[in-house]
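# Summary of structural features
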Amino acid sequence: MAGKQVRQWRSMCKGLVLGTFLTSCTILLYCLSTPQIPFSHPEVPVPYSCAHHPSQLHPKPITNSSQQTTGQTCTPKVDIMFMKTHKTASSTFLNILFRFGEKHRLKFAFPDSRNDFFYPSLFQRSHVKDYRPGMCFNIICNHMRFNAPEVTKLLPTDTSYITILRDPSELFESSFHYFGRLAPFTWKIPGDDKLTEFLRDPHYYFDPDGFNAFYLKNLLFFDFGQDNTLELDDRRVEEGIRFITDRFQLVMLVEYFEESLILLKDALCWEMDDLLFFKLNARKGSTVSKLTPELRARALEWNAVDWKLYRHFNQTFWKKVDAYGRRRMAEDVAELRRRNAEMTSICIEGGRAVEAGSIQETAMQPWQPIGEKSIMGYNLKKNVDKAHRKLCRKMLMPELQYLTELGVNLWITKLWGRVRDIINW
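Here's a quick rundown of the structure. If you're wondering where the values come from, they're calculated on a predicted model, not measured in any experiment. (Residues numbered from 1 in each chain as written. Predicted model: local features only at pLDDT ≥ 70, side-chain atom pairs only at ≥ 80, totals over all residues. Heavy atoms only, no water.)

We now examine empty space enclosed by the protein. With the rule as written, the count across this model stands at two cavities of 30 Å³ or more. Among the residues making up the lining of the largest cavity, the classes are represented as seven nonpolar, two polar and two charged. Of the volumes computed, that of the second largest cavity is approximately 30 Å³. Around the second largest cavity, the lining residues are Ser-91, Leu-94, Asn-95, Phe-98, Leu-280, Met-397, Pro-398, Glu-399 and Tyr-402. (1 Å grid on protein atoms, 1.4 Å probe; cavity = no way out; pocket = protein on both sides within 12 Å on 5 of 7 lines; lining within 4 Å. Points joined across faces, edges and corners; volume = space filled by probe spheres on them. Nonpolar A, V, L, I, M, F, W, Y, C, P; charged D, E, K, R; others polar.)

So, on to the sheet that holds strand S6 (residues 250-253). Pairing is parallel across the open sheet formed by four strands, whose spatial order is S4-S3-S5-S6. One side of each edge strand has no neighbouring strand; the edge strands of this open sheet are strand S4 (139-140) and S6. Contacts between helix H9 (residues 257-268) and the sheet are confined to strand S3 (80-83), strand S5 (160-165) and S6, with S6 contributing the most and set at about 160° to the helix. Each of S5 and S6 touches helix H11 (residues 304-324); the most contacted strand, S6, lies at about 105° to it. (Pairing = 2+ DSSP bridges. Helix = DSSP H or I, 4+ residues; strand = E, 2+ residues; numbered from the N terminus. Contact = heavy atoms within 4.5 Å. Axes fitted to C-alpha atoms, helices over the stretch in contact; angles between N-to-C directions.)

With that settled, consider the layout of surface pockets. Roughly 400 Å³ of volume is contained in the second largest pocket. As for the second largest pocket, its lining consists of 17 residues, and the residues nearest its centre are Arg-99, Phe-100, Lys-103, Asp-273 and Leu-391. Secondary structure elements with two or more residues in the lining of the second largest pocket: helix H2 (90-103), helix H12 (326-347) and helix H13 (386-396). Per-class residue counts for the lining of the second largest pocket are seven nonpolar, one polar and nine charged.

Time to look at the state of the cysteines. A complete count under the given rule lists three disulfides for this structure. Each sulfur in the disulfide pair Cys-50 and Cys-136 lies 2.1 Å from the other. Here the disulfide of Cys-50 and Cys-136 is left-handed, its torsion about the S-S bond being about -85°. Of this pair, Cys-50 sits in the loop between helix H1 (2-33) and strand S1 (60-63) while Cys-136 sits in the loop between H2 and S4, placing them 86 residues apart in sequence. (Disulfide = S-S within 2.5 Å.)

Attention now goes to the environment of Glu-361. Here Glu-361 is to be found in the loop between H12 and H13. With relative accessibility at 31%, the residue Glu-361 sits in the partly exposed group. Discounting chain neighbours no more than four positions away, the residues touching Glu-361 are Asn-379, Leu-380 and Arg-393. In this structure the side chain of Glu-361 is engaged in a polar contact, spanning 3.0 Å, whose partner is the side chain of Arg-393. (Buried < 20%, exposed > 50% of the residue type's maximum accessible area, 1.4 Å probe, protein only. Polar contact = N/O pair within 3.5 Å; in protein donor to acceptor, adjacent residues only side chain to side chain.)

Next comes the structure, spelled out in structure tokens:
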């Protein structure tokens, strides 16, 4: 009996030590990565366009909803601002942008020392690696908290603004799983099913001023630089939605990802080859909480501002699909799926994603949430032919490894990764 009590005490002490260590490391890392106070840059006008005649960009004929050539041509657009929202398949889309940028030798505006622009601070031009006023950047796409005045002073006037949204109930479930342990107010939630307990009475547990609290309420609205704690009837909610509508030319939807890519191809005059993708950062099914109708309703009520935002852009999305042509859209989506299936058979060992423990190459290991390995990845086929080997590796490469290959110094992110590895011993 005494031995059992000793083991219990040891377990409690270990938990206390780990919890204290985690908290201390999180605060320390946060302090280390807090950006310096923004300083005033001289106002040097950014060119209208930064399209510097990249390779392989040729005008192509424009077709209408009846698949008939109109006689007009368009040139692929290369000046792109992708507002990378959280838990919205944005890592999959980032891989598409990385490959497009590399193919055409475009200049990315990357963060320095980590994989985001000092999120959750509002974006500042000074966050961009090696920034100098008047520089030409083609693409910016890492996580940021959107700050329109600073973004517009960084990018050319002809920049296309793109973003992506997700059903807020599903997004909340994913965010709670991925970020919940980084929000200290969740530590007091009892039981094994913390998500259900939280949604039973979120006001009881939620601390709006708590560390990392923004991850668990109206995260989409927060990412766009808005106040995520507003009541639904606050006029600033409508103003925020109107601001996003006016700024972004295309708002994609996770639930219709392939349709979104076809609309992107049409808006940016890209080729089907530019859209090929494998789903990255997917969670294994056993870790996904299946929301009952009641829990879904509670999640939407808790994230009511995000739900209003999503419904607005769901309507505008289908208006764009109708303008494109429903039949034409169905045909193009079928073609994209066929091409992706072909790449799957060429590139992926076993033809599917595998759990983290089954990924053979360290370079193909995706970033994992604290305390578990729930994010799946891929094994590259060993006998990929020379013509596809490079493309396959790029398409399967996790975000952090791709950023490193593109020259981004991720020392803070990597330090945090090592701390997490120690915590999980």
